[in-house]
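Understanding the architecture of this molecule
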Amino acid sequence: MSRLEITVDAAASGPLMRLSGETDLGTAGQLRDALASQLSVGQRHLTVDISGLQFADSASIQVLLQADRTLKKRGGGLELAGPQPRVAQVLRMLGVDQMLTIRPDTSSGTGGDGSLRPG
Amino acid sequence: MTDQRFDAASLHALREAVLAYATAAGMPERRAIDVMIAVHELAANAVRHGAGWGRLRMRITAGALYCQVTDAGPASLGSQDSDQIPAPARPWPFQRGHGLWLVRKAADRISVNSGPGRSEVTVVFTVPATP
């Protein structure tokens, strides 16, 4: 059974959502609810640390992209940080690296772009 | 050859089994992950739009890994024609949430044999020859 753990921490740059475990169609609703909760306070940017995520399917990534769409309408966006190889592979295949920023690592305050290069 | 049942609760186990089988067949890691991704999306489709459960059969024949996903639901792909599956030449239509786009992108070949009350999709991956 896929188990997804979602935590939200306050970071200097704003709220930081962390996903760990695995996410697929079974946990997409849980993910959608958590994102909706974060987005409901009107912020424009959200960073999602996925360094602890071992698998993500298209249903889950669709939820992330929909959140990004909402944030982009506000003039901001969603950023993914630290994808593991399996998840990076899915993101790359779906072209997500062309749609939003994916930082290869999770260190905060990085000035560089660090976005995922198509592989 | 393997034959296993899956449902919503056993997708994780299914993914691990597929990854292990593809790896044991000698596929490089990234390709084995492609197989896992493709089979997961087909199984997820059966769970969500089909009968809610299905079967996976895997075999290796003549240098190719065949993964056949069947479920007893209404033709969950909505078509008997594999050309109806969105072509990867266009960007992923994430608003419509098509996981099948990813299947088409990951697999070397895909064949669909569906009808009322039955959906059967086979994805094929070339297995590198043992040196």
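I will try to describe carefully the structure that is included in this document. (Residues numbered from 1 in each chain as written. Chains lettered and ligands numbered in written order. Predicted model: local features only at pLDDT ≥ 70, side-chain atom pairs only at ≥ 80, totals over all residues. Heavy atoms only, no water.)

1. What to know about the sheet that holds strand β4 (residues 109-112) of chain B
Pairing between the strands of a sheet is mediated by backbone hydrogen bonds and can be parallel or antiparallel. Residues and elements named next belong to chain B. If you walk across this open sheet you meet the 5 strands as β1-β2-β3-β5-β4, and the pairing is antiparallel. Two strands in the sheet have a free side with no partner beyond their single neighbour: β1 (2-7) and β4. Ignoring which end each strand starts from, the neighbouring axes of this sheet average 20 degrees apart. The sheet contact formed by strand β3 (residues 64-71) and strand β5 (residues 119-126) spans 8 bridges and is antiparallel. Bridge pairing links Ala64 to Thr126 in β5. Packing of helix α1 (residues 11-24) onto the sheet brings it into contact with β1, β2 (53-61) and β3, and relative to β2 it is tilted by some 5 degrees. (Pairing = 2+ DSSP bridges. Helix = DSSP H or I, 4+ residues; strand = E, 2+ residues; numbered from the N terminus. Axes fitted to C-alpha atoms, helices over the stretch in contact; angles between N-to-C directions. Contact = heavy atoms within 4.5 Å.)

2. Comments concerning the sheet that holds strand β1 (residues 4-11) of chain A
All names here are of chain A. Taken in spatial order, the 5 strands line up as β1-β2-β3-β4-β5 in an open sheet, and their pairing is mixed. Each of the sheet's edge strands pairs with one partner strand only, and the pair in question is β1 and β5 (101-103). The mean angle between the axes of side-by-side strands here comes to 25 degrees, regardless of whether they run parallel or antiparallel. Relative to strand β2 (residues 14-23), β1 runs antiparallel, the two sharing 8 bridges.

3. Section: the interface of chain A and chain B
With 22 residues of chain A in contact, the opposing surface of chain B contributes 26 residues. In this assembly, chain A packs against chain B so that about 2200 Å² is buried in total across both faces, 61% of it on carbon and sulfur atoms. Taken together, chain A and chain B are joined by 3 salt bridges. Between B:Arg15 and A:Glu22 there is a salt bridge; the shortest N-O distance is 2.4 Å. Linking chain A with chain B are 8 residue pairs in polar contact (both at pLDDT 80 or more), by the criterion used here. When residues of the side of chain A that touches chain B are traced back to their parent elements, those giving at least two are α2 (58-73) and α3 (85-94) of chain A. Looking at the side of chain A that touches chain B residue by residue, the class counts come to 10 nonpolar, 6 polar and 6 charged. (Buried area = accessible area lost by both parts, 1.4 Å probe. Salt bridge = Lys/Arg side-chain N within 4 Å of Asp/Glu carboxyl O. Polar contact = N/O pair within 3.5 Å; in protein donor to acceptor, adjacent residues only side chain to side chain. Nonpolar A, V, L, I, M, F, W, Y, C, P; charged D, E, K, R; others polar.)

4. Let's talk about the pattern of salt bridges
All names here are of chain B. Overall, the coordinates contain 13 salt bridges over all chains when judged by the stated rule. Here Asp7 ties to Arg5 by a salt bridge, and the two come within 3.4 Å at their closest N and O atoms. Here Asp34 and Arg31 are joined by a salt bridge, their closest N and O atoms 2.8 Å apart. In this pair, Asp34 and Arg31 both sit in helix α2 (residues 29-49), 3 residues apart, roughly one turn of the helix. A relative accessible area of 11% places Asp34 in the buried class. (Buried < 20%, exposed > 50% of the residue type's maximum accessible area, 1.4 Å probe, protein only.)

5. A few points about the packing of α3(A) against α2(B)
Running from amino to carboxyl end, α3(A) crosses α2(B) at an angle of 70 degrees, the nearest separation of the two axes being 10 Å. Relative to α2(B), the element α3(A) lies roughly perpendicular. For the pair formed by α3(A) and α2(B), the contact residues are A:Arg86, A:Gln89, A:Val90, A:Arg92 and A:Met93 on the first element and B:Arg30, B:Ile33, B:Asp34, B:Met36 and B:Ile37 on the second. Taken together, the residues of the contact of α3(A) with α2(B) break down into 5 nonpolar, 1 polar and 4 charged. (Parallel < 35°, antiparallel > 145°, perpendicular 65-115°, else oblique.)

6. Re empty space enclosed by the protein
Residue and element names in this part refer to chain A. Within the structure shown, the criterion is met by 2 cavities of 30 Å³ or more. Lining the second largest cavity, in full, are Leu19, Thr23, Leu31, Ile50, Leu53, Ala56, Ser60, Ile61, Leu64, Val87 and Leu91. Looking at the lining of the second largest cavity, the elements that each hand over two or more residues are β2, β3 (45-56), α2 and α3. Split by residue class, the lining of the second largest cavity holds 9 nonpolar, 2 polar and no charged. (1 Å grid on protein atoms, 1.4 Å probe; cavity = no way out; pocket = protein on both sides within 12 Å on 5 of 7 lines; lining within 4 Å. Points joined across faces, edges and corners; volume = space filled by probe spheres on them.)

7. A word on the environment of A:Leu16
Looking at the secondary structure, you find A:Leu16 in strand β2. In this structure A:Leu16 touches A:Thr7, A:Val8, A:Asp9, A:Ala11, A:Thr47 and A:Asp49, once residues within four positions along its chain are discounted.

8. Some remarks on the packing of α1(B) against α2(B)
All names here are of chain B. Two elements in contact, α1 and α2, have axes whose closest approach is 9 Å; the angle formed by their N-to-C orientations is 150 degrees. Put simply, α1 runs roughly antiparallel to α2. Pair α1 / α2 crosses with right-handed handedness. On the side of α1, the interface is formed by Leu11, Leu14, Arg15, Val18, Leu19, Ala22 and Thr23, while α2 contributes Ala32, Ile33, Val35, Met36, Val39, His40, Ala43 and Val47. Class assignment of the residues belonging to the contact of α1 with α2 gives a composition of 12 nonpolar, 2 polar and 1 charged. (Left-handed = near helix turned anticlockwise from the far one by under 90°.)

So far we have only geometry, and geometry alone does not tell us how the molecule works.
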